[in-house]
Structures are given as C-alpha cells and as structure tokens.
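Structural description and commentary
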Amino acid sequence: MFFLLIGYFRQAVICCYLPVLTAENKFAQNRNIVKNSICAEKMVLHLWGGLASDSNFESNLNAYQHLNVIALRYGLDLLVENVVCNVENPMKHLRELKEKYPEIYFVFDTKMAAFHEQLNLLYEADYAWLWKDGHICHYHINDYAGGYMDWSNLRTLPIGKGRLILNDFLSLLIR
C-alpha cells in the first residue's frame with residue numbers, strides 16, 4: 001500500500017495508504033488534474049510510509065512500474081521520495097528501485113535521510129550514482145533535530161535548527 005495525496009505548484013505530491021488497485025485507479029483519475037489543472041511536470045510519489053510503511057515493499061516495488069506508465073502517458077515524470085521506513089531504510093529501497101528500474105527518478109528529502117541517519121550517505125562514493133547519474137532531480141531541503149528513527153521528533157524544521165550542514169550539502173549539489 002502507499003498513500004495518495006495531490007499537492008500543488010509545479011510538482012504534485014502523490015502518496016497512498018490504499019490497496020494498490022484502488023491507488024492505481026485514483027492515480028489514473030487524478031493525472032489530468034495534475035497535468036492540466038496545475039500544469040505540473042513532475043509527480044512526487046511516496047511509495048511507502050506511515051504505519052504500514054515498507055512492510056510489503058515488494059508490492060510497492062512492483063506497483064511503481066504501473067504508476068510510472070500512467071505518469072509517462074500524460075507527460076509527467078514520476079519521482080519517488082526517500083520517505084521514512086519502519087522495516088528497512090530509504091537508501092536501501094532507492095537502490096532496489098534503481099536496480100529494477102534503471103531510468104527511475106528520485107526526490108531526496110534531507111529530513112527523511114537524517115531521520116534514518118543516512119544524510120551523509122549522499123556524500124559517499126557508493127551512493128554517488130544518485131546525483132551523478134541524474135537520478136535525484138528534486139530536493140526537499142529542511143532540517144531534523146531528532147535521533148535515529150525518533151518518531152516523536154519527526155517534524156520539519158527550518159534549516160539551521162537541526163543536523164543539516166547547508167554548506168556541505170550545497171557544495172555537493174554544485175559538483
């Protein structure tokens with residue numbers, strides 16, 4: 001399952017806690033709103049998250065292909081965000097997605113990465129493929145001050161109020 005939510009601006013946010021077939025139907029119904037009404041070019045997909053999170057990631061992994069076909073049919077790029085997990089971790093899931101779908105795009109959220117103590121992985125050679133090969137094509141930059149998987153502190157903070165070292169992060173982006 002994944003969570004469905006339509007956002008606004010030039011990107012749409014899609015998240016879902018609906019059975020996969022229901023979610024695919026909702027996704028298909030809303031693509032016209034996303035593309036035509038708000039002129040979005042990208043859709044952000046929370047492929048896992050919440051209480052059910054990534055407990056059935058294999059189903060989510062397979063659902064991506066169907067959702068991406070629908071998005072591409074309407075000229076939208078589908079971007080999977082590194083949202084928080086309960087079972088594994090976002091970077092593991094991004095790697096699995098890239099292995100199965102080599103042309104996939106991602107949104108990298110600094111808060112979500114910090115929640116799993118994975119923010120520094122972005123700087124490591126093992127994960128350079130994320131930004132060097134253009135898989136990350138959008139960033140959500142915000143801060144997080146909690147500890148490892150500290151659900152009680154999972155909230156968005158202004159930059160400078162948590163662990164994000166903005167200069168280091170920005171230097172990575174301009175490489």
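Quick look at the structure, then. Per chain, residue numbering runs from 1 following the sequence as it is written. Whole-chain, interface and lining totals are the exception, using all residues; otherwise, since this is a predicted model, local features are given only for residues with pLDDT of at least 70 and side-chain atom pairs are given and counted only at 80 or more. Side-chain numbers here rest on the full set of heavy atoms in the structure, without hydrogens or water.

1. Re the nonpolar core
Buried together is how nonpolar side chains tend to be arranged in soluble globular proteins. The test is simple: To define a nonpolar core, start from buried Ala, Val, Leu, Ile, Met, Phe, Trp, Tyr and Cys residues and group those joined through side-chain atoms within 4.5 Å. Under the scheme applied here, a residue whose accessible area is under 20% of the maximum for its type counts as buried, over 50% as exposed, and between as partly exposed, the area being computed with a 1.4 Å probe on protein chains only. Contacts: residue pairs with any heavy atoms within 4.5 Å of one another.
Counting 40 residues, the largest nonpolar core has Trp48, Tyr64, Val80, Leu97, Phe106 and Leu130 as its most contacted members. Ignoring any residue separated from it by four or fewer positions in sequence, one finds Phe106 in contact with Leu79, Val80, Leu94, Leu97, Lys98, Trp129, Leu130, His135, Ile136, Cys137 and His138.

2. A short note on helix α3 (residues 90-100)
In an α-helix, one turn spans 3.6 residues, which is why side chains three or four residues apart end up on the same side. We apply this condition: Numbering of helices and strands runs from the N terminus, with a helix taken as a DSSP run of H or I at least four residues long and a strand as a DSSP run of E at least two residues long. The reported arc concerns the directions from the helix axis to the C-beta atoms and nothing else. Polar contacts, as used here, are pairs of N or O atoms within 3.5 Å; protein pairs need one atom able to donate a hydrogen and one able to accept it. Residues neighboring in sequence count only if both atoms are side-chain atoms.
Within the sequence span of α3, burial applies to Pro90, Met91, His93, Leu94 and Leu97. Angular distribution of buried residues about the axis of α3 spans 160°; they occupy a single face of the element. Of the surrounding secondary structure, the elements contacted by the buried residues of α3 are α2 (57-73), β3 (77-81), β4 (105-109) and α5 (129-132). Between a side-chain oxygen at the N-terminus of α3 and the backbone nitrogen of Met91 the separation is 3.2 Å; the capping residue is Asn89.

3. Let's talk about the pattern of salt bridges
Basically, it comes down to this: Between Lys or Arg on one side and Asp or Glu on the other, a salt bridge is scored when a side-chain nitrogen of the former is within 4 Å of a carboxyl oxygen of the latter.
Evaluated as defined, the whole model comprises one salt bridge. Across the pair Lys92 and Glu88 runs a salt bridge whose closest N-O atoms are separated by 3.4 Å. Judged by relative accessible area, which is 36%, Lys92 ranks as partly exposed. Classification of Glu88 by relative accessible area gives partly exposed; the value is 33%.

4. Concerning the packing of aromatic side chains
Where we set the bar: For this analysis, a ring pair means two rings from Phe, Tyr or Trp (six-membered ring only for Trp) whose centres lie within 6.5 Å, classed as stacked if their planes differ by under 30 degrees, edge-to-face if by over 60, and tilted for the remaining angles. By definition, being over a ring means that NZ of Lys or CZ of Arg is both within 6 Å of the ring centre and within 35 degrees of the ring normal.
In the structure shown here, the tally under the stated rule is seven aromatic pairs. Ring centres 6.5 Å apart and planes at 65° place the aromatic pair Phe108 and Tyr139 in the edge-to-face group. Remark: Tyr139 occurs in strand β5 (residues 136-140) and Phe108 occurs in strand β4; sequence separation between them is 31 residues. Taken together, a centroid distance of 5.5 Å and an interplanar angle of 85° make the contact between Tyr139 and Phe169 edge-to-face. With Tyr139 in strand β5 and Phe169 in helix α6 (residues 166-173), this residue pair connects regions lying 30 residues apart in the sequence. Against the face of Trp129 rests Lys98, its NZ or CZ located 5.5 Å from the ring centre.

5. Topic: unusual backbone geometry
Unlike most non-glycine residues, Glu117 shows phi in positive territory, near 55°. Tracing the backbone through its elements, the reader meets Glu117 in the loop between α4 (110-115) and α5. Backbone geometry at Met149 places phi at a positive 50°, although glycine is not the residue there. You can see Met149 is positioned in the loop between β5 and α6.

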